[in-house]
Amino acid sequence: MPEGHTLHRLARLHQRELAGGVVRVSSPQGKFAVGAARVDGHVLTRAEAWGKHLLHHYDSGLVVHVHLGLYGKFYDSGLPMGEPVGQVRMRIFGVPDGKPGFGTDLRGPTACEILLPPEVSALTERLGPDPLRRGADPDRAWRRIHRSRKPIGALLMDQRVVAGVGNVYRAELLFRHHISPHRPGTALSPGEWQAMWADLVELMKVGVRVGKMVVVRPEDDHGAPSYALDRPRTYVYRRAGEPCRLCGTPVAHAVMEARNLFWCPGCQPD
C-alpha cells in the first residue's frame with residue numbers, strides 16, 4: 001500500500017498541473033459516474049494529502065476523496081488522452097489554456113467518493129498527525145502512545161496515531177532507533193519518541209522529494225541488494241532470514257495485526 005509520501009507527491013503534482021482551472025471529470029468504469037458528474041466542469045481549487053488520503057477541493061465546496069488502498073494507482077498522460085485502459089474509476093484532465101495540458105486515470109482505488117466539508121473534517125479529525133503536514137503536532141501521537149500497552153509496532157501502523165506511516169517506514173524507523181516492535185507504548189520514553197518523530201519527518205520529506213524511500217544511512221548502504229528490482233534498499237523490511245546490515249543477526253519475521261513485521265533481534269532486543 002502506498003505510504004504517505006506517495007500521496008503528498010500526488011497532491012503536489014495535481015496542485016501544480018490541475019488546480020486553479022476548470023477540469024473535466026468522468027468515470028469510464030461507471031462506478032464513480034454520479035460523483036464525477038457533480039464536479040465535472042468545475043474549478044479544482046486545491047489538492048492536498050492527509051496521511052494516505054488524497055483530497056481534491058472544488059469551487060462548489062465538494063471534495064473528491066481518494067484512498068489508493070493496495071491496488072490503486074494514477075496513470076498520467078498528456079492531452080489528448082487515449083481510450084481508457086482497464087477499469088478506470090476516475091479520469092480527470094485540465095482544460096488547456098495555452099499549455100500542453102495534463103490528464104490522469106485512476107484505477108483500482110479502495111475509495112473514490114464525493115465528500116461534503118463536514119465529512120472531510122470528520123475524516124481528518126480521526127487521523128493522527130501527518131509528519132508531512134505543516135504544523136503537525138507529535139504530542140498528539142505521544143498522548144496515545146504512552147498510554148497504550150499495545151506494541152509500538154502496531155501503534156505506528158494505526159492511522160489514528162500517526163497518519164501516513166506504512167509497513168516500510170514502520171520497520172525501518174524502529175530499526176534506525178534500535179527499538180523492538182514488540183515494546184509496549186508505555187515503555188517508550190518521551191526522548192525516544194521525539195527522536196523517532198524528527199527522523200520520520202526527514203525520511204518522509206526525502207521520499208516526497210526524490211519519489212522513493214531512502215531509509216538506509218549512507219555509511220550502511222552496502223552489502224545485500226534491494227529486496228526486489230526498483231525497490232528501496234532496507235535494513236530489515238522484506239529481508240527475513242538475511243543477515244542484518246549492522247550486526248549480522250538474521251532478520252526476523254512475524255505477523256502483527258495481520259501485517260508482516262520485520263526486525264533485527266540483535267539490534268532491536270525485546
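On a predicted model such as this, the values are computed, not experimentally measured, just so you know. (Residues numbered from 1 in each chain as written. Predicted model: local features only at pLDDT ≥ 70, side-chain atom pairs only at ≥ 80, totals over all residues. Heavy atoms only, no water.)

## Some remarks on the overall build of the protein chain
Our working definition: A helix here means a DSSP run of H or I that spans at least four residues, while a strand means a run of E at least two residues long, and both kinds are numbered starting from the N terminus. Here the globule rule reads 2.2 Å times residues to the power 0.38, and the radius of gyration is calculated from C-alpha atoms. Remark: exposure states derive from per-residue accessible area (1.4 Å probe, protein chains only) relative to the maximum for the residue type, with buried under 20%, exposed over 50%, and partly exposed in between. Residue contacts are defined here by distance: any two heavy atoms, one from each residue, within 4.5 Å place the two residues in contact. Computed by Shrake-Rupley with a 1.4 Å probe, the accessible areas treat only the displayed protein chains as cover when residues are assessed. Just so you know, the count uses Lys and Arg for positive and Asp and Glu for negative, and it drops His and the chain ends. The atom standing in for a charge is NZ when the residue is Lys, CZ when it is Arg, CG when it is Asp and CD when it is Glu.
Counting its regular elements, the protein chain contains seven helices and ten strands. For 270 residues, the compact-globule estimate of 2.2 N^0.38 gives 18 Å, and the C-alpha radius of gyration of the protein chain, at 20 Å, lies within 12% of that figure. In terms of overall dimensions, the protein chain has C-alpha extents of about 55 × 40 × 30 Å along its principal axes. Every one of the 270 residues in the protein chain was classed for burial, and the buried ones make up 48%. Intrachain contacts of the protein chain at a sequence separation of at least 6 include 59% that bridge at least 24 residues. Accessible area of the protein chain: about 12,800 Å², with a carbon and sulfur share of 51%. Side chains of the protein chain give 36 positive and 27 negative charges; the mean places of these two sets differ by 2 Å.

## Points about the UniProt feature "domain: Formamidopyrimidine-DNA glycosylase catalytic" (unreviewed entry) in the protein chain
Let me state the cut-off plainly: UniProt positions are given in the numbering used here, feature names are shortened, and annotations may be inferred rather than shown by experiment.
In this structure's numbering, the residues bearing the UniProt feature "domain: Formamidopyrimidine-DNA glycosylase catalytic" (unreviewed entry) are residues 2–94. In residues 2–94, helix accounts for 23% and strand for 40%; the two terminal C-alpha atoms are 25 Å from one another.

## A word on the sheet that holds strand β6 (residues 88–94)
For the record, the criterion: At least two bridges found by DSSP between two strands are what make those strands a pair. Axis lines are fitted to C-alpha atoms, over the contacting stretch for helices. Their N-to-C directions set the angle, which ranges from 0 to 180 degrees.
The sheet built from eight strands is open, its strands ordered β5-β7-β6-β1-β2-β3-β4-β8 with antiparallel pairing. The sheet is open, and its two edges are formed by β5 (73–77) and β8 (111–115), each paired on a single side. Pairs of neighbouring strands in the sheet enclose a mean axial angle of 25°, with direction left out of account. Looking at chain direction, strand β2 (residues 43–50) and strand β3 (residues 53–58) are connected through six bridges and run antiparallel. Residue L44 lies in a different strand from β3, and its bridge partner there is Y58. The strands touched by helix α1 (residues 4–17) within the sheet are β2, β3, β5 and β7 (103–107), with β2 carrying the most contacts at an inclination of about 165°. Here helix α3 (residues 117–125) sits on the sheet in contact with β2, β3, β4 (63–67) and β8, set at roughly 130° to β8.

## Considering the domain arrangement of the protein chain
Note the cut-off: Where each domain begins and ends follows an automated or database-derived domain assignment. Buried area: the accessible area, evaluated with a 1.4 Å probe, that two parts lose upon being put together, summed over both parts. Salt bridge criterion: a side-chain nitrogen from Lys or Arg within 4 Å of a carboxyl oxygen from Asp or Glu. Under this definition, polar contacts are N or O atom pairs within 3.5 Å; protein pairs additionally need one hydrogen-donor-capable and one acceptor-capable atom, and for neighbouring residues in sequence, both atoms have to be side-chain atoms.
Entries for the protein chain in the domain assignment read domain 1 (4–126) and domain 2 (138–263). On the domain 2 side, the residues contacting the nine residues of domain 1 number 16 residues. Interface area for domain 1 against domain 2, summed over the two sides, is near 850 Å², with a carbon-plus-sulfur share of 59%. The three residues of domain 1 that bury the most area against domain 2 are H5, R9 and K52, which together make up 60% of that side's buried surface. Where domain 1 touches domain 2, the interface holds zero salt bridges. Summed over the shared surface of domain 1 and domain 2, the number is two residue pairs in polar contact (both at pLDDT 80 or more).

## Describing helix α7 (residues 190–210)
What counts is decided by this rule: One less than the number of residues in a helix, times 1.5 Å, gives the span that helix is expected to have.
For α7, built from 21 residues, the straight-helix expectation of 30 Å at 1.5 Å per residue is met to within 8% by its first-to-last C-alpha distance of 30 Å. For α7, the elements touching its buried residues are α1, α4 (138–145) and α6 (167–176). Note on α7: the residue one or two positions beyond its end, G211, has a positive phi of about 80°.

## Topic: a positive patch on the surface
To be explicit about the condition: Patch construction takes residues with relative accessible area above 30% that form no salt bridge. Like charges are linked within 9 Å, and nonpolar side chains (Val, Leu, Ile, Met, Phe, Trp, Tyr) are linked within 5 Å.
Taken together, the side chains of R140, R143, R144 and R147 present a region of like positive charge at the surface. Along the chain, R143 falls in helix α4.

## A short note on the pattern of salt bridges
As enumerated under the stated definition, the model contains eleven salt bridges in all. Across the pair E17 and R16 runs a salt bridge, and its minimum N-O distance is 3.6 Å. Note that K150 and E257 form a salt bridge whose closest N and O atoms lie 3.3 Å from each other. Residue K150 is located in the loop between α4 and α5 (152–155), and its partner E257 is located in the loop between β9 (252–256) and β10 (259–263); the two are separated by 107 residues in the primary sequence.

## So, the packing of aromatic side chains
The test is simple: To pair, rings of Phe, Tyr and Trp, with the six-membered ring standing in for Trp, must have centres within 6.5 Å; the planes then decide the type, stacked if under 30 degrees apart, edge-to-face if over 60, and tilted in the middle.
Tallying each qualifying case throughout the model produces four aromatic pairs. Between F175 and Y235, the aromatic rings sit 4.5 Å apart at their centres with planes inclined by 25°, giving stacked as the arrangement. A residue pair is termed long-range when its members are at least 10 positions apart, and F175 in helix α6 and Y235 in the loop between α7 and β9 qualify at 60 residues. You'll find F175 and Y235 in the same group, each marked buried. Measuring from ring centre to ring centre gives 6.0 Å for W193 and W197, while their planes differ by 50°; the resulting arrangement is tilted. Of this pair, W193 and W197 both sit in helix α7, separated by four residues, roughly a single helical turn. Relative accessible area serves as the criterion here: at 2%, W193 is assigned to the buried category.

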